[in-house]
Amino acid sequence: MRIHTKFAISLFVPIALMAQGGGLEPSDMLKPLKDSWPTYNGDYTGRRYSLLTQIDQTTVKNLTLGWFTKVAAGNGGNVIVGGEGTGNFPAGTASIKASALEVDGTIYVSTPDNAWAIDARDGRELWHYFWKTRGSTHIANRGLGMWHSYLFLETPDNYLVSLDSKTGKERWHKEIADIAQQYFSTPAPVVIGNHVIAGTGNDIDAPGFLSSFDPETGALQWKHYTVPMNPGDPGLDTWPSLDRAQHGGAQTWIPGAYDPEANLYIFGTGNPTPAYTPGRGEGDNLFTCSLIAVNVDTGKMAWYFQTSPHDMHDWDSAQTPVLVDGMFGGKPRKMALTASRNGFFFVVDRVTGEHLITSKYGKDTNWSTGLNKFGGPARDPGKDPSIGGSIVSPTAGGTINWEPPAFSPEAGLFFTSENDAYSIFYLTDLDPRGSMGLGGKEEVSVGNGGSFLTAIDYQTGKIAWRHPYPQGLGGGGGMLATAGKVLFAGDGGGNIVAHDVFTGAPLWHSKIGRVTNAPQTYLLDGHQYLLVATGDTLWSFLLY
Amino acid sequence: MQASGRIVGVALAGITILLIHMSGQTPPVAAPANQARAATGRGRAAAAADAARALATFPAQQRPPGDPALVARGKTIYGINCQSCHGADLRGGDLGGPNLLRSQVVLSDQNGELILPIIQGARQSNGMPAISMSADDVKATATFIHEIVGSSKGQGAPPDSGAPPPNILVGDAAVGQKFFTEKCTGCHSATGDLQGIATRIPDAKTLQNRWVAGGANGRGATNPDRRIVTVTVTQPSGEKVEGRLIRIDDFLVTLANADGTLTTIRRDGDQPKVEVKDPIQPHRDLLGVYTDKNLHDVTAYLVTLK
């Protein structure tokens, strides 16, 4: 167990560079997830399910801390600096919400404006890249994408930055979205073939979109808007006007999944704007709060399914889609599963978009009157923010938020955290034109009906088990499942916990502090590792 | 294109579980102050409010304050030429002018250079008439617009309208009293612990939030003795420890003893037996029971307890 500081690093960098950083073939990411962790979700399925079996229900109790290391964000020390800004914004303490990549013995991890390469064997920093920002909202960064020896990072001020993975030196940076329009970018780019797929975000009524860039040159390949932008665009009849649609939101906050056979990139979209007030007519406001499939080569939409029609509580549906091939209704089927922020779980056929299941997984979820004609949850307008106050579960934070779920094929179960809290939503802006962004309401939290690690049977949508978190707010930064029939998640109380996938029973834990990301696993020198972050610290466990 | 299909499994049974606190996981967490804005010495109250918010350092907020004389002239010009269509607050008007606070042109404009051609008639086909205005007056108008945009609140919210907050009292006090008598008098009394509650908490919205939560932010309010969460730990041997709950997870429970010292006890599945008593739990159990009308009626009754 060692902790390294920046002072110790510089001596070792040249040696490390000679030995590591072999790069990643794009086709490697099509293989089942096992020895490495080469993309945000590990592989394209979004299952966060590794085939590694050294760590299993029996051996997990032997996990040992190999090393831990702290990263220091900002422009100090031995740092490679890029960026278009002045650089005089304080960097603050790093909080790692990203999924780390692990390729060829090197870990690549990021926070807003920062990327690091770290030796996976002992936690030494190999390089640190810092981006001088122009400003923007610094909420989080979800991680890096990789193509051969190139890395891709999105910055809060909306650049796609390409780095040389061996040296951390910048190759180029390209603008994803306009900071003047108040976009800010948090996603991990997803590399598919010769495409770098980049989402972005915005709170002030700007249209959501997804972009694809050339990994070699950074040239824009296509841009797909998630709301109608032109007369005649599909979905326009669900808005009161084109102007409203163009200011309708549907941001692309979270990396999606990819089906190589259908060549479809499947992702969720954010809430409509204004989020809480009138101003969007009475229609469904497509394609906000939807699961969307686009062709990876063209960006053209193949299908969609709306998971929160005419959302009124900022419950974006950007949550990670999970692609599962399995039996459904007695027949093999290719499906996409997602648990939305609004407390509902969905299964759709991912080739056609056909709706298969809608079920309520938020125990206290109370805003829906049933299903609409498409099979999505129908909103109860009585639960919209109101002058006297509407008591609603979940809160605007959602039953789940951004945290990625996991899936175990052995158990046939989808895992998510579940927070069943209540808020009173007051409408404070009575202007008939509606408010803007997240304005026009006041939300007051009034208590919690429970917090759980929850397993959902994808074939029925029913809860298989709930493991209660006695201190609340479990789930840490997301989930990891393995073929060792173990599920890893932070418990909200400062523990990383291994659970039995069949029952949820805890098998092992370590009190390392509040877990802030979804864990990774990989094989190195014949040993299976578990990597997880708490704020600015990475913890590497392994079986010796 | 949305495929409708058959509907399988809906809804599920509830499981009651004790639980302590909640929080929104939604992004806008604590963040450093708005540095750019502070650095310009911009003194308006909105800047302080923004500083406490997220890092809202977009160009619209980073802009240095406009020359007050120019802003004042721009305001007058706007009132004469623009307001009827775009609204006094720039959020769009009855005559169909779009909301300027979120306009792509306004957000990208620096000193009127993008606004000028539109005022001169570049968008007549979209219904924006050409307006006769000198370049200096366009600049003044743009300065005024940017000043208002710069006072927007975080996360896309518009500037404060200055309108008083709506009165949340929409319930029926008599119906609320009936509900109170049926559901609340097991623990509470209008002449006991809640006597004068509306005097102590004069704001109706605050009162509603507190009574629903069982205290300020769910942590107990009026009676300090009531907010203490206690825990009883019973070992297989029958040995029992009791105290104030400090923290609990699946593996440890920590409690404060009567003398203030702490005891931490290992948990292993069902052993030892751990019972948590939270005085707020009855309030939590009711959260899923209330209708919004219940809320409004009870609040309308409680505001009479002066």
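Because the structure is a prediction, the values reported are computed rather than measured.

What counts and how
- Residues numbered from 1 in each chain as written.
- Chains lettered and ligands numbered in written order.
- Predicted model: local features only at pLDDT ≥ 70, side-chain atom pairs only at ≥ 80, totals over all residues.
- Heavy atoms only, no water.
- Axes fitted to C-alpha atoms, helices over the stretch in contact; angles between N-to-C directions.
- Helix = DSSP H or I, 4+ residues; strand = E, 2+ residues; numbered from the N terminus.
- Parallel < 35°, antiparallel > 145°, perpendicular 65-115°, else oblique.
- Contact = heavy atoms within 4.5 Å.
- Nonpolar A, V, L, I, M, F, W, Y, C, P; charged D, E, K, R; others polar.
- Core = buried A, V, L, I, M, F, W, Y, C linked by side-chain atoms within 4.5 Å.
- Buried < 20%, exposed > 50% of the residue type's maximum accessible area, 1.4 Å probe, protein only.
- Pairing = 2+ DSSP bridges.
- Polar contact = N/O pair within 3.5 Å; in protein donor to acceptor, adjacent residues only side chain to side chain.
- pLDDT = per-residue confidence, 0-100.
- Phe/Tyr/Trp six-rings, centres within 6.5 Å; stacked < 30°, edge-to-face > 60°.
- Lys NZ or Arg CZ within 6 Å of the ring centre and 35° of its normal.
- Expected span 1.5 Å × (residues − 1).

**Student:** Account for the packing of helix α9 (residues 173-183) of chain B against helix α13 (residues 292-302) of chain B, with residues named and values stated.
**Tutor:** Residues and elements named next belong to chain B. Close contact between α9 and α13 brings their axes to 7 Å; oriented N to C, the two are set at 100°. Comparing their axes, α13 and α9 come out roughly perpendicular. Here A173, V175, G176, Q177, F179 and F180 of α9 come into contact with α13, specifically with K293, N294, D297, V298, A300, Y301 and L302. Its residues assigned to classes, the contact of α9 with α13 shows eight nonpolar, three polar and two charged.

**Student:** Break down the nonpolar core for me, with residues and values.
**Tutor:** Grouped burial of nonpolar side chains is what soluble globular proteins tend to show. Counting 48 residues, the largest nonpolar core has Y108, W127, F152, I192, Y265 and V294 of chain A as the members making the most contacts within it. Counting 26 residues, the second largest nonpolar core, distinct from the first, contains V446 of chain A together with L194, I197 and Y301 of chain B.

**Student:** I'd like a description of the side chain of H296 of chain B, backed by residues and values.
**Tutor:** The residue H296 of chain B is located in helix α13 in this model. Judged by its relative accessible area of 12%, H296 of chain B is buried. When sequence neighbours within four positions are dropped, the list of residues in contact with H296 of chain B reads G388 and G389 of chain A together with V170, G171 and Q208 of chain B.

**Student:** Tell me about unusual backbone geometry, residues and numbers included.
**Tutor:** Among all residues except glycine, the phi angle is most often negative; among peptide bonds, the trans geometry is most common. All names here are of chain A. Residue L286 is joined to F287 through a cis peptide bond whose omega torsion reads 0°. Note that F287 resides in the loop between β19 (264-268) and β20 (290-295). Cis rather than trans, the peptide bond between S393 and P394 has omega equal to 5°. Structurally, the position occupied by P394 is in the loop between β28 (390-392) and β29 (406-408). Even without being a glycine, S136 presents a positive backbone phi close to 80°. Structurally, S136 is set in the loop between β7 (125-132) and β8 (145-147).

**Student:** Outline the sheet that holds strand β35 (residues 495-500) of chain A, supporting the account with residue identities and numerical values.
**Tutor:** All names here are of chain A. Spatial strand order, β1-β33-β34-β35-β36: five strands in an open sheet with mixed pairing. Every other strand in the sheet has two partners, leaving β1 (49-50) and β36 (506-511) as the edge strands with one partner each. When strand β34 (residues 486-490) meets β35, the two strands line up antiparallel, connected through five bridges. Across the sheet, V486 pairs through a bridge with D500, a residue of β35.

**Student:** With reference to specific residues and values, describe the environment of D203 of chain B.
**Tutor:** All names here are of chain B. Note on placement: D203 falls in the loop between α10 (197-200) and α11 (204-213). For the pair D203 and V303, spaced 100 residues apart in the sequence, the C-alpha separation amounts to 8.6 Å. Engagement of the side chain of D203 in a polar contact is seen with the side chain of T206, the distance being 2.6 Å.

**Student:** A description of the sheet that holds strand β25 (residues 355-360) of chain A should follow, citing residues and the corresponding values.
**Tutor:** Residue and element names in this part refer to chain A. Strand order in the open sheet formed by four strands is β22-β23-β24-β25, and the pairing between neighbours is antiparallel. Lying at the two open borders of the sheet, with one neighbouring strand each, are β22 (322-328) and β25. Direction aside, neighbouring strands of the sheet carry axes that sit 25° apart on average. Taken together, the seven bridges between β22 and strand β23 (residues 331-339) define a ladder with antiparallel strand orientation. Across the sheet, the residue bridging to V324 is M335, located in β23.

**Student:** Tell me what's going on with the confidence of the model for chain B, and back it up with residues and numbers.
**Tutor:** Residues and elements named next belong to chain B. For chain B, the average pLDDT comes to 81, and 78% of its residues sit at 70 or higher. Averaged pLDDT values over the elements of chain B bottom out at 29 in helix α1 (residues 35-39) and peak at 98 in α13. A low-confidence stretch, residues 1-56 (pLDDT under 50), is modelled with 146 contacts involving residues beyond four sequence positions or located in other chains. Per-residue pLDDT stays below 50 along residues 217-225; that stretch engages in 14 contacts with residues further than four places along the chain or on separate chains. Among the prediction metrics, the complex's ipTM stands at 0.91, with pTM recorded as 0.90.

**Student:** Please set out the packing of aromatic side chains residue by residue, giving values where relevant.
**Tutor:** The full count for this structure, using the stated rule, is 26 aromatic pairs over all chains. A centroid spacing of 5.3 Å and a plane angle of 50° characterise the contact between F184 of chain A and W253 of chain A, whose relative ring orientation is tilted. Of the two residues, F184 of chain A is situated in strand β12 (residues 183-184) and W253 of chain A in the loop between α3 (242-246) and β18 (257-259); the sequence distance between them amounts to 69 residues. A relative accessible area of 13% places W253 of chain A in the buried class. Their ring planes at 25° and their centres at 5.8 Å tell us that Y265 of chain A and F267 of chain A sit as a pair that is stacked. The burial state of Y265 of chain A is the same as that of F267 of chain A; both residues are buried. Pairwise contacts between aromatic rings join Y183, F209 and Y225 of chain A into one cluster. Over the face of the ring belonging to F452 of chain A we find R466 of chain A, whose NZ or CZ atom lies 5.4 Å from the ring centre. Positioned over the ring face of Y426 of chain A is K205 of chain B, at 4.8 Å from the centre of the ring.

**Student:** For helix α8 (residues 135-150) of chain B, give the residues involved together with the corresponding values.
**Tutor:** Residues and elements named next belong to chain B. With 16 residues, α8 extends 22 Å from end C-alpha to end C-alpha; this agrees with the ideal 22 Å at 1.5 Å per step. Along α8, twelve of the 16 residues are buried, which leaves the element largely enclosed by surrounding structure. For α8, every residue scored as buried is listed here: D137, V138, A140, T141, A142, T143, F144, I145, H146, E147, V149 and G150.

**Student:** Any chance you could break down the pairing of strand β30 (residues 413-427) of chain A for me, citing the residues and the numbers?
**Tutor:** Residue and element names in this part refer to chain A. With 15 of 15 residues buried, β30 is to be regarded as a mostly interior element. Strand direction decides the pairing type here: β28 and β30, joined by three bridges, are antiparallel. For S390, the partnering residue across the bridge sits in β30 and is F425. The sheet contact formed by β29 and β30 spans three bridges and is antiparallel. Residue F407 lies in a different strand from β30, and its bridge partner there is F414. The turn linking β29 back onto β30 is made up of four residues, and G412 within it adopts a positive phi angle of 65°. Summarising the sheet, β30 and strand β31 (residues 441-457) pair through 14 bridges and their orientation is antiparallel. Along β31, the bridge assignment pairs N419 with S451.

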